[in-house]
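Listed here are the chains, written in short residue letters.
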Amino acid sequence: MKVCVTGGAGFIGSHLVDLLVANGRDVTVIDCLVPEVHRGSETYHNPGAEYIIHDYDSIDWASLPQFDCVYHLAARVAVGESAYMPEKYMRDNTMKTLKMLGRLRDAKPGRLVVASSMSVYGANAMPGESDRVMPQSFYGLSKFDQEQQCIIWGDIYGVPVTALRLFNTYGERQALGNPYTGVVAIFINKMLNGEPPIIYDDGYQARDFVYAGDVARAFSMAGSGVMPSGVYNVGTGTVTQIRELARRIASLLDFDGGVEIPGIHRPGDVPLVCADTAKIEKHWQPEWTLDDGLARTIAWAKEQGGQDTPDAHGEFAQWLQTLG
C-alpha cells in the first residue's frame, strides 16, 4: 500500500510516518521544513520512508506513484500568530491546499485524509461534528477551508475524504523553541529554562488534550478505511484547566518557579472546548492518559534540553497595543 504524508517530517506527521512504516506501508513524505517547527533535532526522518523536501502545493503529483491514500497534515498551526498575520494562514493553509487539489486531479489517490482542527468550532464548548462551525481565528477559518475544500474535491472526483478535527495534541517532537507551538511544549520548555510559564487570560480556560501517538492511530485508521469517510472529532472527551496543566508539568519537572499571569487575552481563544467523541469512539479510542503522555513528553524534552524561544509574548503585546 503506497501512501503519502504532507507535513510528514513535523510533529504529528512524523508520528504518523513511524506508525505507517511499522505497519508495512510504502511511505512518501512531502515537507518543506518550515524553520520555526523544524529546528535541529526536531526534524524527524524515518529511514523506512522516502522524503521529498518541497512545498506540497507545487509538487508535480502526476510524476509520483499512484497513492492509495494521501494524508494532508501540512499547515500553519498557531491561533495567536494568525490574529496579526492572517495573510500567511490564508495563503499557506487555504490557497496552497486548493492548489494541491488542482494538481491532484490527474493523480487521484484512492483516499484523502486531511487534518482539521477544533478551532473550526469557535466558542462551542462541547461540539459534535454536526454542530455549527463558527471559527473565531484566521487559523480556525483556514483549517475549515482546508477540510471543506478536500471534501468538495472528493465529492467531485469520487475520492473518499476523511477530515479529522484535532483537539489539543501534545507529545514528543512538538517544537520546543517555537513560541506559537502547543501549550504543553511551551510550558515544558519554559520550566526547563528555569522560567515561569506565561498563562493568558486567567488560566481557568480548559482544553481537551490528546496524545500524539493516539492521533497518529486515528489518521492511520482513517486512511486504511477502518472508519467510514466523513468528519470526526479526535479528542479524549475530558478537559484540563490550563492552571492545572501547569501544576502537573511543574510537579513532574520539580519546578517551583510559579507561573506568570499578565492578564492578556488572545483574540481567538475560547474559555472551554472539549470533544464530543461519540462518533469516532465507535472506531477509535485514546489509549494514553494525560499523566502518562506528559511523563513521556517530558522525558523526551529533557533529552533535548531547554531551547531559546523568541519573545512572542512581547511581540504579541505590541500588536495588541495597535488595536487601541
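Below is a summary of the structure that appears in this document. (Residues numbered from 1 in each chain as written. Predicted model: local features only at pLDDT ≥ 70, side-chain atom pairs only at ≥ 80, totals over all residues. Heavy atoms only, no water.)

Notes on the overall build of the protein chain
Rules: Helix and strand definitions follow DSSP, with helices as H or I runs of at least four residues and strands as E runs of at least two, each counted in order from the N terminus. Two things to know: the radius of gyration comes from C-alpha atoms, and the globule rule equals 2.2 Å times the number of residues to the power 0.38. Each residue is assigned to one of three classes by its accessible area relative to the maximum for its type, calculated with a 1.4 Å probe on protein chains only: buried under 20%, partly exposed between the two thresholds, exposed over 50%. What makes two residues a contact is simply this: any of their non-hydrogen atoms within 4.5 Å. Only four residue types enter the charge count, namely Lys and Arg as positive and Asp and Glu as negative; His and the chain termini do not. Charge placement uses NZ in Lys and CZ in Arg. For Asp and Glu, CG and CD serve respectively.
If you tally the helices and strands in the protein chain, you get nine helices and eleven strands. For a compact globule of 324 residues, the expected C-alpha radius of gyration is about 20 Å, and the protein chain comes in at 19 Å, within 12% of that figure. Principal-axis analysis of the C-alpha atoms places the extent of the protein chain at approximately 55 × 40 × 35 Å. Per-residue burial for the protein chain yields a buried fraction of 54% across its 324 residues. A separation threshold of at least 6 residues defines the contact pool for the protein chain, and within that pool the share at least 24 residues apart is 82%. Seen as two clouds, the 27 positive and the 39 negative side-chain charges of the protein chain have centres 4 Å apart.

Let's talk about the state of the cysteines
This is how it is decided: Note on terminology: disulfide denotes any pair of cysteine sulfur atoms within 2.5 Å.
As enumerated under the stated definition, the model contains zero disulfides in all. C69 provides the cysteine sulfur closest to C4, a residue in no disulfide bond, and the two sulfurs are 9.3 Å apart. Classification of C4 by relative accessible area gives buried; the value is 0%. Look at C69 and you get buried, because its relative accessible area is 0%.

Some remarks on unusual backbone geometry
Leaving glycine aside, a negative phi is the common case for residues, and trans is the common case for peptide bonds. The phi torsion at L33 lies on the positive side, around 55 degrees, for a residue other than glycine. The topology assignment puts L33 in the loop between β2 (26–31) and β3 (50–53). One non-glycine residue with positive phi stands out, namely D201, at about 55 degrees. For D201, the position within the fold is in the loop between α5 (183–192) and β8 (206–207). Overall, the relative accessible area of 24% leaves D201 in the partly exposed class.

Let's talk about the pairing of strand β1 (residues 2–6)
Our working rule: What makes two strands pair is DSSP finding at least two bridges between them. The path from the first strand over the helix to the second decides the hand: if it runs clockwise while the strands point away from the viewer, the crossover is right-handed.
Extensive coverage of β1 is indicated by the burial of four of its five residues. Relative to β2, β1 is paired through five bridges, and the arrangement is parallel. Pairing of V5 across the sheet is with V29, part of β2. Regarding topology, helix α1 (residues 11–22) serves as the crossover connection from β1 to the parallel β2, and that connection is right-handed. In terms of strand pairing, β1 meets strand β4 (residues 69–72) through four bridges, oriented parallel.

Some words on the side chain of S82
Defined as follows: Here a polar contact means two N or O atoms within 3.5 Å. Within protein one must be a hydrogen donor candidate and the other an acceptor candidate, and residues neighboring in sequence count only if both atoms are side-chain atoms.
Positionally, S82 belongs in helix α2 (residues 79–84). For S82, a relative accessible area of 0% puts it in the buried group. Side-chain polar atoms of S82 contact the backbone nitrogen of Y139, separated by 3.1 Å. Not counting the four nearest positions on each side in its chain, S82 is found in contact with Y89, S137, F138 and Y139.

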